[in-house]
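Chain by chain, the residues run as shown.
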Amino acid sequence: MTITERITKLLEALCNGFLEREPYIQLGFLASVVGAPLYICGKPASGKSLIASRLTAAYKNPRILKAGRHQQKFPEKLSDFDIIIFQSFNSSDEVTKENIHTAIYDRKDATLILTGDQRPETALNNINASDHIVLSMSLPESLSPKALCSILQDQTMLNEPKIPDELVLTREEQLQWMSEIKNVTLSEDTLAIIGKLAEICDKHDIYVPIHKWIALTNIVKATAFFNGRTSTRFTDTLFLGTPIWGKASADTIINENFGNVVQSVLLKNVAESIGNPFDAAANNTKVKNLLHRSNNLYETKMFNNEPCLHYRITISGEATPLYVPLRYVETDEDFHPFNELKQVESRVRCNYHGTSNCSISIDPNVKGTGLRTSVKTNNPSTKFEDYAKMPSYVLREDDPEICAKKKEELAELKKETDLQLERQTKLLLAIRDIYRANKEFRTDLFCNLEIYDKIQNNLREIFETVSATANTIKETEALFAEVK
């Protein structure tokens, strides 16, 4: 039986009947194996003591020191114990505080478990132990109706589990494994994820001491070790995206950013392409407009750094100039022109409807004030009223220079479209390969399925977005067949 098979069966036995608490037992087990101090908090009857007892059941004949709420006498020689448990400790009791600090510093390799009903930020701050407790697990206040009914139907589920002798760990095995776990290699992806989390902590003033990072990293290594690997991968770090950090504010910040951190590491080789997406729709529209536009030379003037057609409309007895960029002529787009102050005039809407005649609509709110008023409505009307249709003066039809410029622009657009189709195809293949490679990791022991599935779903959404972009580019490619 391999280590992975053994630990899988051991965890199944530990979790048997303890519904909806399996993730806490799994994470608590990892912490106990590497000697990382653990705090389990929750309301009375939430399962704190049951989890602690099941964690101790993973070991063969462990020497356990149990310190109660009012523990006064504490052993001087802690090396006689393998597991130290402070059950429902009183964080305001000075003797308890002193005993916990003694256990933190003198326990050597012993597993340290604290249980209580106070939130971590309260309980651990009261005893000045926030920096020493590696994991804080807050249990849900209740069970789902389904889980509750299962327990009520068979209350023996809450009994102490019977673990086969061939599954339980001896103290010698634990110490040997602790040594071997330290030799597991941290992969480049793992180090990148931890590094980015550390940056987030620094940015938001979340203090995580180096010894805590080391302990958390040992848990990451232990996850890889129990999966039969000598190197870690991103799935081993997923527990870092759960509420383990000891403060609600820290949990919230890290949990909100964790998915993006992992995603950025997984997509590191294509992150620039994803972060700067190609506007395939705009490119498609530009090509269509050029293909369907005539070779007419219109009377224009340079305004706001581009050639514009000049119109003058009269509103409320006042003649007002408008400047329409030449790029919109003969298109079918709604747009706002420039006013004489070189600003976009949002109270006027224009559209050529594929012709050379400009249809002008206005916001009805300006009928009584005109466009030159400095008072603009905070909530301009979304319904424009037709106001005028203005022709465009053609200087020359089928102008040779216009023909040559149009041909040149189409050639440039064709070149860019070909290049982007190649890039988007490579990007699609890269995302697909990452997604497929990750699929086999879902069955990893200790894999947090909720976070894993969220990451995979995000990858699928990115793939679909890039796929849609590629399809639009292919449609644009087909347009060039019209070029003579």
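The model shown is predicted, which means the values in this text are computed figures rather than measured ones.

What counts and what doesn't
- Residues numbered from 1 in each chain as written.
- Predicted model: local features only at pLDDT ≥ 70, side-chain atom pairs only at ≥ 80, totals over all residues.
- Heavy atoms only, no water.
- Helix = DSSP H or I, 4+ residues; strand = E, 2+ residues; numbered from the N terminus.
- Expected span 1.5 Å × (residues − 1).
- Buried < 20%, exposed > 50% of the residue type's maximum accessible area, 1.4 Å probe, protein only.
- Pairing = 2+ DSSP bridges.
- Phe/Tyr/Trp six-rings, centres within 6.5 Å; stacked < 30°, edge-to-face > 60°.
- Axes fitted to C-alpha atoms, helices over the stretch in contact; angles between N-to-C directions.
- Contact = heavy atoms within 4.5 Å.
- 1 Å grid on protein atoms, 1.4 Å probe; cavity = no way out; pocket = protein on both sides within 12 Å on 5 of 7 lines; lining within 4 Å.
- Points joined across faces, edges and corners; volume = space filled by probe spheres on them.
- Nonpolar A, V, L, I, M, F, W, Y, C, P; charged D, E, K, R; others polar.

Looking at helix α2 (residues 22-34)
Next, step 1: Counted at 1.5 Å a residue, the expected span for α2 with its 13 residues is 18 Å, and the 19 Å between its end C-alpha atoms agrees.
Next, step 2: Taken across its 13 residues, α2 has ten buried, putting it largely inside the fold.
Next, step 3: Three or more residues of α2 are buried, namely Tyr-24, Ile-25, Leu-27, Gly-28, Phe-29, Leu-30, Ala-31, Ser-32, Val-33 and Val-34.
Next, step 4: Looking at the residues trailing α2, positive phi occurs at Gly-35, about 75°.

Here's the deal with the pairing of strand β10 (residues 348-351)
Next, step 1: Note that β10 and strand β11 (residues 358-362) share four bridges and pair antiparallel. Residue Val-348 lies in a different strand from β11, and its bridge partner there is Ile-362.
Next, step 2: Counting the residues between successive antiparallel strands, the hairpin from β10 to β11 contains six residues, one of them, His-353, with a positive phi of roughly 50°.

Observations regarding the packing of aromatic side chains
Next, step 1: Taken as a whole and assessed by the stated rule, the structure comprises 13 aromatic pairs.
Next, step 2: Aromatic pair Phe-335 and Tyr-352: ring centres 6.3 Å apart, planes at 10°, arrangement stacked. Taken as a pair, Phe-335 in the loop between β9 (318-325) and β10 and Tyr-352 in the loop between β10 and β11 lie far apart in primary sequence, 17 residues in all. One exposure class covers both Phe-335 and Tyr-352, and it is buried.
Next, step 3: Chaining the aromatic ring pairs together yields one cluster made of Phe-29, Trp-177, Phe-225, Phe-226 and Phe-446.

Quick notes on the sheet that holds β9
Next, step 1: Read across the sheet, three strands follow the order β7-β8-β9 without closing on themselves; strand pairing throughout is antiparallel. Across the chains shown, the open sheet's two edge strands, defined by having one partner strand only, are β7 (301-303) and β9. Adjacent strand axes in the sheet meet at a mean angle of 55°, parallel and antiparallel pairs treated alike.
Next, step 2: Where strand β8 (residues 306-315) meets β9, eight bridges bridge the pair, whose relative direction is antiparallel. Within β9, the residue paired with Cys-308 across the bridge is Pro-325.

Focus: the environment of Val-394
Next, step 1: Topologically, Val-394 is positioned in strand β13 (residues 394-396).
Next, step 2: Judged by relative accessible area, which is 27%, Val-394 ranks as partly exposed.
Next, step 3: It is 62 Å that separates the C-alpha atoms of Val-394 and Asn-255, two residues lying 139 residues apart in sequence.
Next, step 4: Once residues lying within four places of it in the same chain are set aside, the contact partners of Val-394 are Asn-296, Leu-297 and Tyr-298.

Some remarks on the sheet that holds β10
Next, step 1: Strand order across the open sheet formed by three strands is β10-β11-β12, with antiparallel pairing between neighbours. Two strands lie at the open edges of the sheet, namely β10 and β12 (385-390), each paired on one side alone. For this sheet the average axis-to-axis angle between neighbouring strands, irrespective of direction, equals 25°.

Considering empty space enclosed by the protein
Next, step 1: Summed over the entire model, instances satisfying the criterion amount to one cavity of 30 Å³ or more.
Next, step 2: For the largest cavity, the full set of lining residues is Tyr-59, Lys-60, Asn-61, Pro-62, Asp-82, Ile-83, Thr-111, Leu-169, Thr-170, Arg-171 and Gln-174.
Next, step 3: Across the lining of the largest cavity, the residue classes tally to four nonpolar, four polar and three charged.

Everything listed is a geometric property; what it means functionally is a separate question.
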